[in-house]
There are 2 protein chains.
Amino acid sequence: MEAVMRLTKISLEAPYLLYLGDCPDMLHAKTAAGIAHWRPDRCAGQMRLPDCPVDLKLPELTVQGARDAGIKTVVVGVAPMGGRMPGQWLEQLTALAAAGFDIAAGLHTKLVDIPELVAAASKGKAKLIDVRVPPADLPVGDGRLRSGKRVLTVGTDCAVGKKYSALALHRELESRNIKSTFRATGQTGIMIVGEGIPIDSVVADFISGAAEVLSPDNDDDHWDVIEGQGSLLSPSYSGVSLGLLHGSQPDAIILCHDAERTEIDETGGDYPIPELGQVIDDALRMARRIRAQCFCAGVSVNTSSMGDIDRENYLSQLQSELGLPCVDPIATGMTPITDFLLQPA
Amino acid sequence: MEAVMRLTKISLEAPYLLYLGDCPDMLHAKTAAGIAHWRPDRCAGQMRLPDCPVDLKLPELTVQGARDAGIKTVVVGVAPMGGRMPGQWLEQLTALAAAGFDIAAGLHTKLVDIPELVAAASKGKAKLIDVRVPPADLPVGDGRLRSGKRVLTVGTDCAVGKKYSALALHRELESRNIKSTFRATGQTGIMIVGEGIPIDSVVADFISGAAEVLSPDNDDDHWDVIEGQGSLLSPSYSGVSLGLLHGSQPDAIILCHDAERTEIDETGGDYPIPELGQVIDDALRMARRIRAQCFCAGVSVNTSSMGDIDRENYLSQLQSELGLPCVDPIATGMTPITDFLLQPA
């Protein structure tokens, strides 16, 4: 049956209709806002319930309006409380699926486990795409070195800006007319660019194999900018991070950090984040087992808690300690890291 | 339905009937032979097809004989070509399931996907246990330090003796009346001791969480001896290895190696195995992020390709280079490593 077919690669067709339901605030609409921010060209409209206060300033579409706008995929870009699909969203979503629009979501409840949606999608010949479900038949990684260039963001912890930094670097490379592709490894990244593999949902034996599939052979002057996950330091997620590092076989890594973070979040113990130089050394040591010439192209720090003067002091001190470009990807931008990444060998 | 119930922990009740089918030789019966070797007390009999040349020298049981012997679980301890259940095994296995004996296997084809077996198990109120299927509802690891002591075998590669070395160490601890438990992380280990978690089949996000569940809080003088998987050096399986290392939070590691192995097996590239001292340094560096005092208790090498004099030279040279006990777990035994592991801090 079309509606529950297992996809061999996650892929979302644009243009998107961003679905907001009755999302109470911008924080819960982070994914939709990220899509609209990074890929406005993929977003042709929004749909919400009558009382929804969140507004992404996109055209408000009905089912007929979506048809007229040529919408291909309805992207559920909001995180409901508890991760389950609220019943009050179903009327609009089933109408959209029955009208033939693919529905994509990354909720805890899978779309294919909601009978009304499955029936509607079957009627409309629409696909239900759960972006947390990895493609089937991923291979075991084999470590064959691939052509083309790769840069991976690595983190001191979760939620320190690995996705943002990678997207910002990719934008900078595009603005310089350098061939590059953003490779998404998490659900938000996948929704933003329309394809990828949710690496942390893959079965353990296939982590590096999934990363190999994600960034295949390419032109010698093409850069894959790969979204990192977790941290080698994390007692929770280090396995994902090392498998992704090895499968990505990066030519360069960029360390991402949050200046406010002094220890690993959400653990049952006391895990201070070491000196950033040590974190870089550890990551390079592991990375060079596969790609001997891997180097660190810079450090990208969330310094949103600092004033301008503190930020400048912090970044310039870090830069002189490490001998690497150190930036805030929002406040100061990715230009110095991009320059360093592209320097001739 | 009882027969396909999802277990929250893999657990196989003894006594076992080892099922051999029409296994052509000892190599394909490695799992059954391992169970009979390490846990003769769990094995009450064997069953085979008429022409099977493999004989584990256990009592030959019929269904009625299995009843008389008090058999609880039939363990399929042979690897058929291609990993699929041969049709000619089904008559005996369905008869056993219908008679109420649980059936355990680790084949590529899941037992619960074979309708005849499911029907028979339902009739006999028997469980079908696929030891490659991890328990449901594993948590994300949280890194809380647990009481009790732990030692983990780590490897330069796959298939270098991590399971064997751990079982041999566990036997040595038992012979010294030291409280200890072997913790199985792969299907053969699980069948041998009757419980465990197949760590490489767990979803990536839950690797370290599974390792935490596997070796819970224990008495201060109790040792968990944890079976390692893969290698931090492996482009294929390093993610599994790091998640297991962090979740196990070992007090000590034992490096396992095969003296004939000069590069990582089954890769598409050229990955030489570094000096063993470097491999130990890397593993300790990662391990100490979680358990700061982790040390290496020795090196366990498969030297089966060497004569006695070469072995002695090889091990004594390695020992003086590393300043650690270096043994062959079969030829020279685990005694020096056990002594070093138990030395007062």
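Rules used in this analysis
- Residues numbered from 1 in each chain as written.
- Chains lettered and ligands numbered in written order.
- Predicted model: local features only at pLDDT ≥ 70, side-chain atom pairs only at ≥ 80, totals over all residues.
- Domains from an automatic or database assignment.
- Contact = placed C-beta atoms within 7 Å.
- Helix = DSSP H or I, 4+ residues; strand = E, 2+ residues; numbered from the N terminus.
- Least-squares fit on C-alpha atoms with pLDDT ≥ 70 in both.
- Nonpolar A, V, L, I, M, F, W, Y, C, P; charged D, E, K, R; others polar.
- Pairing = 2+ DSSP bridges.
- Axes fitted to C-alpha atoms, helices over the stretch in contact; angles between N-to-C directions.
- Parallel < 35°, antiparallel > 145°, perpendicular 65-115°, else oblique.
- Left-handed = near helix turned anticlockwise from the far one by under 90°.
- Buried ≥ 20, exposed ≤ 12 C-beta atoms within 10 Å, placed from the backbone.
- Right-handed = clockwise from strand over helix to strand, strands pointing away.
- Arc of directions from axis to C-beta.

Caption draft 1: Expanded view of the domain arrangement of chain A. Residue and element names in this part refer to chain A. By domain assignment, chain A separates into domain 1 (2–130) and domain 2 (149–342). With centres defined by C-alpha atoms, the gap from domain 1 to domain 2 works out at 29 Å. Opposite the 15 residues of domain 1 that make contact, domain 2 presents 11 residues. Of all the secondary structure elements, the ones that give two or more residues to the side of domain 1 that touches domain 2 are strand 1 (10–11) and helix 1 (30–38). When residues of the side of domain 1 that touches domain 2 are assigned to their parent elements, the largest contribution, 4 residues, is made by helix 1.

Caption draft 2: Broad picture of the relation of the copies chain B and chain A. Overlay of chain B on chain A (RMSD 0.0 Å): rotation 180 degrees, translation along the axis 0.0 Å. Those values place the two copies in the arrangement expected of a two-fold rotation axis. Both copies present the same face, since 100% of the interface residues in chain B are matched by interface residues at the equivalent positions in chain A.

Caption draft 3: A look at the interface of chain B and chain A. Facing the 33 residues of chain B at the interface are 33 residues of chain A. Of all elements in the fold, only helix 7 (207–214), helix 8 (238–248) and helix 9 (276–287) of chain B reach the threshold of two or more residues within the side of chain B that touches chain A. For the side of chain B that touches chain A, the residue count by class is 14 nonpolar, 12 polar and 7 charged.

Caption draft 4: Structural view of the sheet that holds strand 13 (residues 326–327) of chain A. Residue and element names in this part refer to chain A. Taken together, 6 strands build an open sheet; the order of strands is 8-10-7-11-12-13 and the sheet is parallel. At either margin of the open sheet sits one strand with a lone partner, and together these are strand 8 (180–183) and strand 13. In the sheet, strand 7 (residues 149–155) pairs with strand 11 (residues 252–258) via 5 bridges, with the strands oriented parallel. Paired with valine 151 across the two strands is alanine 252, which belongs to strand 11. Contacting strand 7 and strand 10 (223–226), helix 8 (residues 238–248) runs over the sheet at an angle of about 165 degrees to strand 7.

Caption draft 5: Looking closely at the packing of helix 5 (residues 162–175) of chain B against helix 11 (residues 335–342) of chain B. All names here are of chain B. Closest axis-to-axis distance for the helix 5/helix 11 pair is 10 Å, and the angle between their directions is 65 degrees. One way to sum up the angle between helix 5 and helix 11 is to call them roughly perpendicular. As helix 5 packs across helix 11, the resulting crossing turns out to be right-handed. Residues Leu169, Glu172 and Leu173 of helix 5 form the contact with helix 11, whose own contacting residues are Thr335, Ile337 and Thr338. Looking at side-chain class alone, the contact of helix 5 with helix 11 contains 3 nonpolar, 2 polar and 1 charged residues.

Caption draft 6: Molecular detail of the sheet that holds strand 13 (residues 326–327) of chain B. Residues and elements named next belong to chain B. Strand order in the open sheet formed by 6 strands is 8-10-7-11-12-13, and the pairing between neighbours is parallel. Looking at strand neighbours, the two that pair on one side only are strand 8 (180–183) and strand 13, the edges of this open sheet. Two elements, strand 7 (residues 149–155) and strand 10 (residues 223–226), share 4 bridges in a ladder whose sense is parallel. Counted as the bridge partner of valine 151 is valine 225 from strand 10.

Caption draft 7: Broad picture of the pairing of strand 2 (residues 16–21) of chain A. Residue and element names in this part refer to chain A. In terms of burial, strand 2 is a largely internal element, 6 of the 6 residues being buried. Neither face of strand 2 is left uncovered, since the one carrying Tyr16, Leu18 and Leu20 and the one carrying Leu17, Tyr19 and Gly21 both have all their residues buried. Both strand 2 and strand 3 (residues 43–48) contribute to a ladder of 5 bridges, which runs parallel. Following the sheet pairing, tyrosine 16 is matched in strand 3 by cysteine 43. For the segment spanning strand 2, helix 1 and strand 3, crossover handedness is right-handed. Sheet analysis places strand 2 next to strand 4 (residues 73–76), joined by 4 bridges and oriented parallel. Within the sheet, the bridge partner assigned to tyrosine 19 lies in strand 4 and is valine 76.

Caption draft 8: Highlighting unusual backbone geometry. The step from alanine 14 of chain A to proline 15 of chain A runs through a cis peptide bond, and the omega angle for that step is 0 degrees. With respect to the element layout, proline 15 of chain A can be found in the loop between strand 1 and strand 2. Even without being a glycine, alanine 159 of chain B presents a positive backbone phi close to 55 degrees. Positive phi values are uncommon outside glycine, yet asparagine 177 of chain B reaches one of about 60 degrees.

Caption draft 9: Quick look at helix 4 (residues 115–124) of chain B. Residue and element names in this part refer to chain B. Within helix 4, the full set of buried residues consists of Leu117, Ala120, Ala121 and Gly124. Angularly, the buried residues of helix 4 cover 100 degrees about the axis, an arc narrow enough to put them on a single face. Following helix 4 by one or two positions, lysine 125 adopts a phi angle in the positive range, close to 55 degrees.

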